[in-house]
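# Descriptive structure summary
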Amino acid sequence: MSRKRRDKRKDLPPPEQPPVTVSASLHFQSDVGVWEPRNAGPLLQGCAVKAIPDARILRSMGTLYNGQNFSQLCGKIGHTSDRWRIGCDENTIDHSTRGPSHSVLEWSGRATTLMFSLNASLLYRAVGTSKASICRQAVSRASCSFYTTLTTLFVLLWIVAYGARYGVPSVRNLKSTIASYNIYTPLGSSPSHVVPAALNSVDDLIAAIQKAAAAAAGGRALAEEAAALGKRERAEWHNNNPCRSRSELQGMYDRRKFARDVSPNSRWETVMDEYAKLHRTCLRLVRNSTEYFLNRSSSTGCKFVILDTPKVGLGNKLLLKASVLLFAVLTQRVLLIPSDNQNGLEQLCEPFVGSSWKLEKDSAIQNYAHLWQSTGAFQKWVDRNEIRSERSPRTPDQFFAANLIDPYQPMVRFYCNTEQAYLSKVTWISIGGCVYFLPKLFAIPAFRPALEQLFPDRMVLTHIMRSMLLPADHVWERIRNVEDVYLDTSHKRVGVQLRFFGLQSQYKHKNDIVNEHVLQCGNENGFLPRVLPPRVSSSRYPQNAEKPRNITKVLIASLFPGLHDYLSPIYLQQMTETGEGVGVVQLTSENEQHFGSEVDVQAFVEIMCLSFSDFLVVTPWSTFGGVAQAYGALKPWFVNYDSDGPACDRAQTVDVCFDQARDDFLCPHDPELHGKSLLSHVPYIKRCLRNDADGVQLITDHESNAPLIPTK
């Protein structure tokens, strides 16, 4: 019989309204589709059986659903924000073997397994809605399928045996009325091909942010009222969230004499002012984001992105924050970060005036695994809706919470128009891992025009770092102390960041090569002076030596002291050809990598001090050096760790490499992109240099170092 039904439904017209239920009708739904009556009046939709604990619930169904109404069966109906819950006490349905009684019927927007109705006042609908509903208490998807299949068989047998007694049509009559049924997608909707709202300009982006705030508050006027921040409130917020670096950081870059700085970006500042309004509007309306999440609420229309990083170094944390923050702005999502030591928030200023990006203390939204659906589940949702898009042009239902890590970065299909369109329907998104992915946001067609207009020089990472990821006051105080005591007297600054990924083993075998290459790189490119031979130095050294006119300071950031011990005696014992003095400074040398709050503070101090350099030499693959070049708007030199080849290579950009990134599109629902080269579509995204990480990066239009003539 099922085969005949499947053949007949191919020619059925698409439904003209959402699925509805009427009395005396059978609805069978499988993973393939759902039989639904057309032209039926609405009854009750979305009641989902939370669990089918054991066989006794099946045995009791014949007695339970025998024409009684809902008030008799389940008592009082309660409404909680965006869901209806119909609670049944434990005397009605016995499933004590699985613990205390739970609500039997719970609101859901998705249907995938079984639905039937006995009369106009009674609906029992078993719904598979991912981990959060019918399968939550099942051991596995297989066991869930077993229960629903068993239920289906029971209902059919019950109809055959007792259906006539309660007015249910016979199987023969059902056969004759099959032609009036439709099929629709297992997720309750079949959209036409979904396309994200294109951001064709910065004005479009600003308008989208304002629209999201207005929608949350119930209108533009109310949005302005909700986001309003009076002088007293603003002053109180700044008093509670002090940030000296916000006003003092730029002055540190202005002091450089041999580095050309990036120009201010007023459009980015305007965008972030609007985003800050959206951020505080949503959090004021939501009040407690954890409760809002656990209630599965969407009453405000606000959407959120949670950023949670594993145990990684500070460089990875900062680069991931920059990536997710830009994504949040482009998609009008409220960025929230767990306030534990692992995420490193205590080292940063609050970025959004009048609001906070910290999740409530002790909140662990990301730990409620049963409420988060995986990357695979999200992609299947997209696939199901897209495959059926031509049959029934409907809007997809919401996918409540998606975890997009696969495994250290967003899923490959994250950079597709269609997937971004579907993500716009998802209330909560979680992004973690440890990989910088910002460059490929420029590859998403819907975002590209606005990003190109907002950052025509592609110096996006520098602007995000300097405006949003600012050192907190206790970190800034230490930075200023290092500057004043060790580095303030320099005429020229050279930063060197060395990382030995094999730690002691690599350091032992590569230290001598790296030391020689750093000195050679500086000599050949003119930022480290050559020294005279010892005899010549002795004869030229004046008897009444005065303080050298210019001093070059070399700041070294490394876990090992090798380079410091190599350069110090060279410049201490021999004169330079230019007559300038060279001082070598290294703040720490721990010989091994540690993690923790104090380690992050010291790392941040060294990163920022490196960024104040005129010239920068870094280690390929290292995010520590990458963050320093981004803050400083510096195009660095990569030191060569091998004995063959040049001592160093100049970077092609200020941007950091998106490590292990594909350079093609994997977009099965975007035929104009699928399988195409990303590099040909976006000419300013290129493969990283061979001696850097294996990935892609933005090519910035910024030359940080002119010939060795002071800029001021």
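Residues numbered from 1 in each chain as written. Predicted model: local features only at pLDDT ≥ 70, side-chain atom pairs only at ≥ 80, totals over all residues. Heavy atoms only, no water.

You'll find the protein entered in an unreviewed UniProt entry as Fucosyltransferase, with Marchantia polymorpha subsp. ruderalis given as the organism. UniProt, in its Sequence similarities (unreviewed entry) section for the protein, records the words "Belongs to the glycosyltransferase 37 family." (UniProt positions renumbered as here; feature names shortened; annotations may be inferred.)

## Structural notes on the sheet that holds strand E20 (residues 658-659)
Pairing in this open sheet of three strands is antiparallel, and the strands run E20-E22-E21 from one edge to the other. The outermost strands of the open sheet, each flanked by one partner alone, are E20 and strand E21 (685-687). Relative to strand E22 (residues 695-698), E21 is paired through three bridges, and the arrangement is antiparallel. Within E22, the position partnered with Lys686 by the bridge is Gln697. (Pairing = 2+ DSSP bridges. Helix = DSSP H or I, 4+ residues; strand = E, 2+ residues; numbered from the N terminus.)

## Topic: the state of the cysteines
Each disulfide consists of one covalent bond between the sulfur atoms belonging to two cysteines. Scanning the model with the defined rule gives five disulfides in all. There is a disulfide in this structure between Cys282 and Cys302, and the S-S distance comes to 2.1 Å. Here Cys282 and Cys302 share a disulfide; its torsion about the S-S bond, -90 degrees, makes the bridge left-handed. Of this pair, Cys282 sits in helix H11 (residues 266-286) while Cys302 sits in the loop between helix H12 (289-294) and strand E10 (303-307), and the two are 20 residues apart along the sequence. For Cys282, a relative accessible area of 1% corresponds to the buried category. On the accessibility criterion, Cys302 (4% relative accessible area) is buried. With its sulfur 1.9 Å from that of its partner, Cys657 forms a disulfide with Cys688. Every disulfide takes its handedness from the sign of the S-S torsion; for Cys657 and Cys688 that torsion is 100 degrees, giving right-handed. Of this pair, Cys657 sits in the loop between strand E19 (648-650) and E20 while Cys688 is found in the loop between E21 and E22, placing the two residues 31 residues apart along the sequence. For the pair Cys657 and Cys688, one class covers both residues: buried. (Disulfide = S-S within 2.5 Å. Buried < 20%, exposed > 50% of the residue type's maximum accessible area, 1.4 Å probe, protein only.)

## A short note on the side chain of Arg256
Turning to its location among the elements, Arg256 is positioned in the loop between helix H10 (245-254) and H11. Looking at Arg256, its side chain comes within polar contact range of the main-chain oxygen of Ser611, at 3.1 Å. Here the side chain of Arg256 touches Gly632 through a polar contact of 3.0 Å, landing on its backbone oxygen. (Polar contact = N/O pair within 3.5 Å; in protein donor to acceptor, adjacent residues only side chain to side chain.)

## Description of the environment of Leu689
Within the element layout of this structure, Leu689 appears in the loop between E21 and E22. It is 9.0 Å that separates the C-alpha atoms of Leu689 and Asp649, two residues lying 40 residues apart in sequence. For Leu689, the residues in contact, after removing those within four places along its chain, are Phe638, Arg650, Ala651, Gln652 and Gln697. (Contact = heavy atoms within 4.5 Å.)

## Topic: the sheet that holds strand E17 (residues 615-618)
Note on sheets: strands pair through backbone hydrogen bonds, and any given pair is parallel or antiparallel. The strand order across the open sheet formed by six strands is E16-E15-E14-E17-E18-E19, and the pairing between neighbours is mixed. Because the sheet does not close on itself, it has two edges, and the strands there are strand E16 (581-586) and E19. The sheet shows a mean angle of 20 degrees between the axes of neighbouring strands, taken without regard to direction. Examined bridge by bridge, E17 and strand E18 (residues 637-639) share two bridges and lie parallel to one another. Looking at the pairing, Val617 lines up with Trp637 of E18. In this fold helix H18 (residues 473-487) packs onto strand E14 (492-497), strand E15 (551-557) and E16, with an angle of close to 135 degrees to the strand it touches most, E15. Sitting on the sheet, helix H21 (residues 562-573) is in contact with E14, E15 and E16, with an inclination near 160 degrees to E16. (Axes fitted to C-alpha atoms, helices over the stretch in contact; angles between N-to-C directions.)

## Description of the nonpolar core
Counting residues in hydrophobic clusters, the biggest one holds 137 residues, and the most contacted among them are Leu335, Trp428 and Tyr631. Looking at which element gives the most residues to this core, the answer is helix H13 (residues 314-330), with twelve residues. Listed in part, the 29 residues of the second largest apolar core include Leu559, Phe615, Ala647 and Cys648. (Core = buried A, V, L, I, M, F, W, Y, C linked by side-chain atoms within 4.5 Å.)

## Brief notes about the pattern of salt bridges
Per the counting criterion, the structure on display carries 21 salt bridges. Residue Arg413 is joined to Glu419 by a salt bridge in which the shortest nitrogen-to-oxygen separation is 2.7 Å. Overall, Arg413 belongs to the buried group, its relative accessible area being 8%. With relative accessibility at 0%, the residue Glu419 sits in the buried group. Salt bridges linked by common partners bring Arg244, Glu248, Glu477 and Arg480 together as one network. (Salt bridge = Lys/Arg side-chain N within 4 Å of Asp/Glu carboxyl O.)

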